[in-house]
Amino acid sequence: MNLEDAIWLILSVLGIFSIITVITRIFGLRTFAKMSSFDFASTIAVGSVLASIILNDDYSLMKGTIALTTIIAFQTFFSFLVRKNDTLKKLFTNKPQLIMHNGKILYHKLKRCNIGEDDLIAKLREANVHNFDDVRAVIFESTGDISVIHNSEDLDMAEVMLTDVDTSDI
């Protein structure tokens, strides 16, 4: 790599990151949120386009800008459609799964979600759970994240916390 190529590479990186910042400001913070599997796929696609733009020999910022804008605009439009249409929501989003309830591990749900008990226990440690009896619910979210609702004061959990969560088979 000669000095001219290095300068073009630096300018491409600065340019594309400036462009992605502007696009994010226009389309909002959801651009990189992992709210659904579609958001996750969009984030990976954006990363791939960014890498291609930076590493491509022709340094085409315009082509990259069009590709990024198209991906993010489609993600925004698709997210809007899923929010407004229950059929699309059911078709394209995973329903969060209850994998632990009131201190009891739901092994059949772990198996269905392809989560090992060791992974669950690691998440409980991460959430600073000291005792299974403190756990009100563990939810495998539609994003792949695991949420732990716990307290040691034996407080009841508000029902709204399980809205849209698959609580069948508990």
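Our subject is the structure that appears above.
Residues numbered from 1 in each chain as written. Predicted model: local features only at pLDDT ≥ 70, side-chain atom pairs only at ≥ 80, totals over all residues. Heavy atoms only, no water.

Engineer: Honestly, the overall build of the protein chain in this entry has me stumped. Any pointers?
Structural biologist: On a plain count of helices and strands, the protein chain comes out with six helices and four strands. Reading the protein chain from its N terminus to its C terminus gives the helix and strand order α-α-α-α-β-β-α-α-β-β. If one aligns the C-alpha atoms of the protein chain with their principal axes, the spans along those axes are about 65 × 40 × 30 Å. Expressed as a percentage of the 170 residues in the protein chain, the buried residues total 32%. A sequence separation of at least 24 residues applies to 54% of the contacts in the protein chain between residues at least 6 apart. Both charge centroids of the protein chain, one from 16 positive and one from 21 negative side chains, sit 6 Å from each other. (Helix = DSSP H or I, 4+ residues; strand = E, 2+ residues; numbered from the N terminus. Buried < 20%, exposed > 50% of the residue type's maximum accessible area, 1.4 Å probe, protein only. Contact = heavy atoms within 4.5 Å. Lys, Arg positive; Asp, Glu negative; His and termini not counted. Charge placed at Lys NZ, Arg CZ, Asp CG, Glu CD.)

Engineer: Would you mind showing me how to read the nonpolar core here?
Structural biologist: Within soluble globular proteins, side chains that are nonpolar generally end up buried alongside one another. In this structure, Ile 99, Met 100, Ile 105, Leu 110, Cys 113, Ile 115, Leu 120, Leu 124, Val 129, Val 135, Val 138 and Ile 146 together form the largest nonpolar core, which totals twelve residues. Put simply, the parts of the chain that give this core at least two residues each are strand E1 (97-101), helix H5 (107-113), helix H6 (117-126) and strand E3 (135-140). If near-sequence neighbours (up to four positions away) are discounted, Met 100 is found in contact with Ile 105, Leu 106, Leu 120, Leu 124, Phe 132, Val 135, Arg 136, Ala 137 and Val 138. Membership of the second largest hydrophobic core comes to eleven residues, among which are Ile 20, Ile 23, Ile 53 and Ile 54. (Core = buried A, V, L, I, M, F, W, Y, C linked by side-chain atoms within 4.5 Å.)

Engineer: Would you mind showing me how to read the packing of helix H1 (residues 3-27) against helix H3 (residues 61-84) here?
Structural biologist: For any two helices packed against each other, one specifies the crossing angle of their axes together with the interaxial distance. Between H1 and H3, the least distance of the axes is 10 Å, while the angle of their chain directions is 25°. Between H1 and H3, the angle falls in the class roughly parallel. Here H1 runs over H3; the crossing is right-handed. Residues Ser 12, Gly 15, Ile 16, Ile 19, Ile 20, Ile 23 and Phe 27 of H1 form the contact with H3, whose own contacting residues are Leu 61, Thr 65, Leu 68, Thr 69, Ile 72, Ala 73 and Thr 76. In terms of residue class, the contact of H1 with H3 is built from nine nonpolar, five polar and no charged. (Axes fitted to C-alpha atoms, helices over the stretch in contact; angles between N-to-C directions. Parallel < 35°, antiparallel > 145°, perpendicular 65-115°, else oblique. Left-handed = near helix turned anticlockwise from the far one by under 90°. Nonpolar A, V, L, I, M, F, W, Y, C, P; charged D, E, K, R; others polar.)

Engineer: Mind showing me how you'd approach unusual backbone geometry here?
Structural biologist: Negative phi characterises most residues that are not glycine, and trans characterises most peptide bonds. For Asn 114, which is not glycine, the phi dihedral falls at a positive 60°. Following the sequence through the fold, Asn 114 ends up in the loop between H5 and H6. For Asn 114, a relative accessible area of 71% gives the class exposed. The backbone of Asp 164 shows a phi angle near 70°, a positive value even though the residue is not glycine.

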